[in-house]
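Summary of structural features
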Amino acid sequence: MGETASGVRVRGTTRGLPPGADYDHFCSSLADVYVGVQPRRPRLGSFDADFSLYRTGATDVGMISTPGVDARRDRASIARVPDDAVFINHSLKPWGLSQRGRTWDVAARSATVLENGLPFDVLADKRRRLDLVTVRIPREHLSPRTLRALPSLGDRLARTPLGAQLGTQVGLLAQAAKADLARVATSMSSCVIDLLDAFAADDRDPSAPVRAHALRTYARTRLADPHFDLAAAARAFGCTPRTIQNAFAQDGDTFSGWLRAERLDRAREELRTTGRGRSVAAIARSNGFADAGTFHRAYRERFGTTPGANR
């Protein structure tokens, strides 16, 4: 199964294959994304797994559902199959990761980062299936400061709201890829890389005040969500709305004003580039405006014209 215009590379299952052949089929099908990573082969019984792989811009996205077995990338595997990409992993269920002499209990819906050029162990709950989304990012697409921050990002993602924020974006990316929304998924993959860079730049004590730069980067990944507002941002960052307002006040701005301007600017860009194929109401919804009337009034106030005039 080759790559298509939608970004789909592989979709498949091992269900129905003979024991042993099912495990081998799973490993070979996912080798391009999970380079050198081997799940533990079951001693008895079948390895019933579902999987899919997608190309999303600079990244590859893998989605797997397997029995609850551990996986490993050891030094022999690294020597045999070299790869130094960075993986971002996200699951709706708790799981564990061990790398650099540390072990993290990764919370459900959170995310963590691992380096495929170093040994690691994925620790699964043997009582339930392992459902995992992995975003594979070649190192050349990461900024120098992100690469420098990699040794500390595991701890920071585990201890702060950053892991949940990154997990949210990875989950949205997976949904877009699974729905074959290739252009949307490509844009979201860039947001994942930018969000990781923002966290690397915001290298601070977890108890220190949040910075507007990190807030803006995260908020840009949620522009399409009509329920995303000041209160939702505060929940995501584990702080109060006043904390966020104070961060934006340092730049002479407000969070709500900035958020509306970002949504309107992106809506105008969509009207100019793809507007003839979509209704104004659809573009309004895709940029977080649940009510078309509110969108029209806000658009005229910001740009001095109607949305239709920019089609």
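Everything below is about the structure shown above.
Rules used throughout
Residues numbered from 1 in each chain as written. Predicted model: local features only at pLDDT ≥ 70, side-chain atom pairs only at ≥ 80, totals over all residues. Heavy atoms only, no water. Salt bridge = Lys/Arg side-chain N within 4 Å of Asp/Glu carboxyl O. Helix = DSSP H or I, 4+ residues; strand = E, 2+ residues; numbered from the N terminus. Pairing = 2+ DSSP bridges. Axes fitted to C-alpha atoms, helices over the stretch in contact; angles between N-to-C directions. Contact = heavy atoms within 4.5 Å. Buried < 20%, exposed > 50% of the residue type's maximum accessible area, 1.4 Å probe, protein only. Phe/Tyr/Trp six-rings, centres within 6.5 Å; stacked < 30°, edge-to-face > 60°. Core = buried A, V, L, I, M, F, W, Y, C linked by side-chain atoms within 4.5 Å.

Considering the pattern of salt bridges
A pair can form between side chains of opposite charge whenever their charged atoms are brought close. For the coordinates displayed, the defined rule picks out 24 salt bridges. Of the charged contacts, one joins Arg15 and Asp50 as a salt bridge, the two residues approaching to 2.9 Å between their closest N and O atoms. In this pair, Arg15 is assigned in the loop between β1 (8–13) and α1 (21–29) and Asp50 in strand β3 (residues 50–56), connecting sequence segments 35 residues apart. Overlapping salt bridges bring together Arg9, Asp32, Arg55 and Asp60 as one network.

Section: the sheet that holds strand β2 (residues 38–39)
Across the sheet, which stays open at both edges, the five strands sit in the order β2-β5-β10-β7-β8 with antiparallel pairing between neighbours. With partners counted over all chains shown, the strands left at the sheet margins are β2 and β8 (102–106), one partner each.

Remarks on the sheet that holds strand β6 (residues 86–90)
Taken together, six strands build an open sheet; the order of strands is β1-β3-β4-β11-β6-β9 and the sheet is antiparallel. Edge positions in the sheet fall to β1 and β9 (111–115), since each has one partner strand and no second. The average undirected angle you get between the axes of adjacent strands in this sheet is 15°. Relative to strand β11 (residues 130–137), β6 is paired through five bridges, and the arrangement is antiparallel. Bridging across to β11, Phe87 finds its partner in Arg136. Sitting on the sheet, α1 is in contact with β1, β3 and β4 (59–66), with an inclination near 10° to β3.

Digging into α1
Turning to α1, its buried residues number three or more, namely Asp22, Tyr23, Phe26, Cys27 and Ser29. For α1, the elements touching its buried residues are β1, β2, β3 and β4.

Description of the packing of aromatic side chains
For the structure on display, the rule yields eleven aromatic pairs. Measuring from ring centre to ring centre gives 6.4 Å for Tyr34 and Phe87, while their planes differ by 75°; the resulting arrangement is edge-to-face. A residue pair is termed long-range when its members are at least 10 positions apart, and Tyr34 in the loop between α1 and β2 and Phe87 in strand β6 qualify at 53 residues. Residue Phe87 is classed as buried on the basis of its relative accessible area, which comes to 2%. Considering the side-chain rings of Phe228 and Phe255, the 6.2 Å spacing of their centres and the 70° angle between planes classify their relative orientation as edge-to-face. Here the residue Phe228 occupies a position in the loop between α6 (212–220) and α7 (230–237), and Phe255 occupies one in helix α9 (residues 255–274), the gap between them amounting to 27 residues. Take Phe228: its relative accessible area is 1%, and that puts it in the buried class. Relative accessible area serves as the criterion here: at 1%, Phe255 is assigned to the buried category. One aromatic cluster is present, formed by Tyr23, Phe26, Phe47 and Phe51 through successive ring pairs.

Here we look at the environment of Ala111
Tracing the chain through its elements places Ala111 in strand β9. Residue classification places Ala111 among the buried residues on the basis of a relative accessible area of 2%. In the structure, Ala111 is positioned 104 residues away from Gly7 in sequence and 23 Å away in space, judged by C-alpha atoms. Discounting chain neighbours no more than four positions away, the residues touching Ala111 are Ile88, Asn89, His90, Leu157, Gly163, Leu166 and Gly167.

Quick look at the nonpolar core
In terms of nonpolar packing, the biggest core is built from 50 residues, with Ile88, Val113, Leu166, Phe228, Ile244 and Phe255 touching the most fellow members. Looking at this core, the element that brings in the most residues is helix α5 (residues 182–201), giving eight residues. Excluding residues that lie within four positions of it along the chain, Val113 makes contacts with Val86, Phe87, Ile88, Leu97, Leu150, Leu157, Leu166 and Leu196. In this structure, Val69, Trp95, Val122 and Ala124 belong to the second largest nonpolar core, which totals 27 residues.

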